[in-house]
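Residues per chain are reported as follows:
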Amino acid sequence: NGGKLWLWGPIPNGHEVRYKFQLTNTGDGYYYLKHLFSGKYLCSGETENGGQLWLWGPIPEGHEVRYKFKIG
């Protein structure tokens, strides 16, 4: 349902669209990262033991903080 996020490379020819994300400014110095191929958002689904990143969406009300990222 949520799907794991994998580190993979190099990007295989013809699969570039699966590696694209869109940055959306949240207005408070953070961004959401939306996976363009699936339409899901990058999320810190687990907060213990180093955590894992997941593709999940739409963003559930009250859980926005798990989807925010700072750049730089």
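Just so it is clear, the structure is predicted and the values come from calculations on it, not from any experiment.

### Topic: the packing of aromatic side chains
Stage number 1. This structure, assessed with the given rule, holds one aromatic pair.
Stage number 2. Measuring from centroid to centroid gives 6.2 Å for Tyr32 and Tyr41, while their planes differ by 75°, and the two rings are edge-to-face. Just as Tyr32 is buried, Tyr41 falls in that class too.
Stage number 3. Directly above the ring of Tyr30 sits Lys70, whose terminal nitrogen or CZ lies 4.9 Å from the centroid.

### Here's the deal with the environment of Tyr41
Stage number 1. Tracing the backbone through its elements, the reader meets Tyr41 in strand E3 (residues 41-46).
Stage number 2. Separated by 19 residues in the primary sequence, Tyr41 and Gln22 have C-alpha atoms spaced 9.3 Å apart.

### Notes on the pattern of salt bridges
Stage number 1. Per the stated rule, a full pass over the model turns up one salt bridge.
Stage number 2. A salt bridge links Asp28 to Lys68, with the nearest nitrogen and oxygen atoms 2.6 Å apart. Linking Asp28 in the loop between strand E1 (21-25) and strand E2 (31-35) with Lys68 in the segment after strand E4 (52-56), this pair joins segments that are 40 residues apart in sequence.

### What about the environment of Phe37?
Stage number 1. Position of Phe37 relative to the elements: it lies in the loop between E2 and E3.
Stage number 2. A relative accessible area of 43% places Phe37 in the partly exposed class.
Stage number 3. Residues Phe37 and Glu16, spaced 21 residues apart in sequence, show a C-alpha to C-alpha distance of 9.7 Å.
Stage number 4. Ignoring sequence-local partners within four residues, the contact set of Phe37 consists of Val17 and Arg18.

### Side note on the side chain of His35
Stage number 1. The residue His35 is located in strand E2 in this model.
Stage number 2. Ignoring sequence-local partners within four residues, the contact set of His35 consists of Arg18, Lys20, Phe21, Lys40 and Leu55.

The rules behind each value
Residues numbered from 1 in each chain as written. Predicted model: local features only at pLDDT ≥ 70, side-chain atom pairs only at ≥ 80, totals over all residues. Heavy atoms only, no water. Phe/Tyr/Trp six-rings, centres within 6.5 Å; stacked < 30°, edge-to-face > 60°. Buried < 20%, exposed > 50% of the residue type's maximum accessible area, 1.4 Å probe, protein only. Lys NZ or Arg CZ within 6 Å of the ring centre and 35° of its normal. Helix = DSSP H or I, 4+ residues; strand = E, 2+ residues; numbered from the N terminus. Salt bridge = Lys/Arg side-chain N within 4 Å of Asp/Glu carboxyl O. Contact = heavy atoms within 4.5 Å.

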